[in-house]
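One-letter residues, chain by chain:
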Amino acid sequence: MLQVRKSHERGHANHGWLDSYHTFSFASYYDPNHMSFRSLRVINEDRIDPGAGFATHGHRDMEIITYVLNGALEHQDSLGTGSVIRPGEVQQMSAGTGIQHSEYNHSQREPVHLLQIWITPNQTGIEPRYAQREFPIATELGKLHLVAGPVGEVENVIPVQQDMRLYAGQLGAGDEVHQAIAPDRYAWIQVARGDLSLNEIPLQAGDGVAISGEDAITITATTAAELLLFDLP
């Protein structure tokens, strides 16, 4: 079964410096029909003005993944990490027992466009940790790259405290990708930009699809497109 969550149906908050769309209930946006999907709790599409950002604040017991589409995001946290995240890189924090962090647009001239993702962990009270890694998403087109997976199970990807896998890919117009889905697994597709079809269902930037009871899916790019695929328990 494929359940489409159209871009225009998402929650929306414009704070001036931040323009944000919420796939699931978040902050002042509440929809009891869209609280989460499996362990996928948050997908926020954020555009942050030059020099602006989120001042230092805290999280606990959440896996937080940042995926930058355009621009650069500057990160600082209570673990002593200072970094800049750019397209092609994936950042992750396991908040665990508690972490403080700030996220600012690294540029004083250009906006930054990103997806912020929260995954509910399968274990709470863990030691906080930070990870950041670059992947050849923009140079190896037409395929899905595994960028995150369960702690200790998959090498050379971002470790997440949950039995999930995250794939990212950029497709050229006409590219087609086939993805198997194991029995008793679920998936979520998030279209980051461009137009594509999922099992012949047309989708565009901002659309999401909850997938259950399927053993395989076919993704075909109508235009140049970028997407995330979540494989979930």
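These notes cover the structure that comes with them.

Parameters at a glance
- Residues numbered from 1 in each chain as written.
- Predicted model: local features only at pLDDT ≥ 70, side-chain atom pairs only at ≥ 80, totals over all residues.
- Heavy atoms only, no water.
- Core = buried A, V, L, I, M, F, W, Y, C linked by side-chain atoms within 4.5 Å.
- Buried < 20%, exposed > 50% of the residue type's maximum accessible area, 1.4 Å probe, protein only.
- Helix = DSSP H or I, 4+ residues; strand = E, 2+ residues; numbered from the N terminus.
- Contact = heavy atoms within 4.5 Å.
- Pairing = 2+ DSSP bridges.
- Axes fitted to C-alpha atoms, helices over the stretch in contact; angles between N-to-C directions.
- 1 Å grid on protein atoms, 1.4 Å probe; cavity = no way out; pocket = protein on both sides within 12 Å on 5 of 7 lines; lining within 4 Å.
- Points joined across faces, edges and corners; volume = space filled by probe spheres on them.
- Nonpolar A, V, L, I, M, F, W, Y, C, P; charged D, E, K, R; others polar.

Some remarks on the nonpolar core
Of all hydrophobic cores here, the largest spans 27 residues; its most connected members are Leu 40, Tyr 67, Ile 119, Leu 166, Trp 188, Leu 228 and Phe 230. For this core, the secondary structure elements donating two or more residues are strand E4 (40-48), strand E6 (63-70), strand E11 (112-119), strand E13 (145-150), strand E14 (158-160), strand E15 (165-171), strand E17 (186-193) and strand E22 (225-232). Those residues in contact with Tyr 67, other than ones at most four positions away along the chain, are Val 90, Leu 114, Leu 115, Ile 137, Ala 168, Glu 226 and Leu 228. Within the second largest apolar cluster, 19 residues are counted, among which are Leu 203, Ile 217, Ala 221 and Leu 227.

Focus: the sheet that holds strand E5 (residues 53-59)
Paired through their backbone hydrogen bonds, the strands of a sheet run either parallel or antiparallel. Strand order in this open sheet of 4 strands is E5-E10-E7-E8, and the pairing throughout is antiparallel. The open sheet terminates on both sides in strands that have one partner only, identified here as E5 and strand E8 (82-85). Across the sheet, the axes of successive neighbouring strands diverge by a mean angle of 20°, strand direction being ignored.

Observations concerning the layout of surface pockets
Put simply, the largest pocket is a space of about 220 Å³. What lines the largest pocket is a set of 17 residues, and nearest its centre among them are Leu 18, Phe 26, Asn 44, Phe 54 and Gln 116. At the level of secondary structure, the elements contributing two or more residues to the lining of the largest pocket comprise strand E3 (18-22), E4, E5, strand E10 (99-105) and E11. Grouping the constituent residues of the lining of the largest pocket by class yields 6 nonpolar, 9 polar and 2 charged. By volume, the second largest pocket amounts to about 150 Å³. Residue lining of the second largest pocket: Gln 3, Val 4, Arg 5, Phe 24, Asn 33, His 34, Ser 36, Phe 37, Trp 188 and Ala 210, and that is the complete set.

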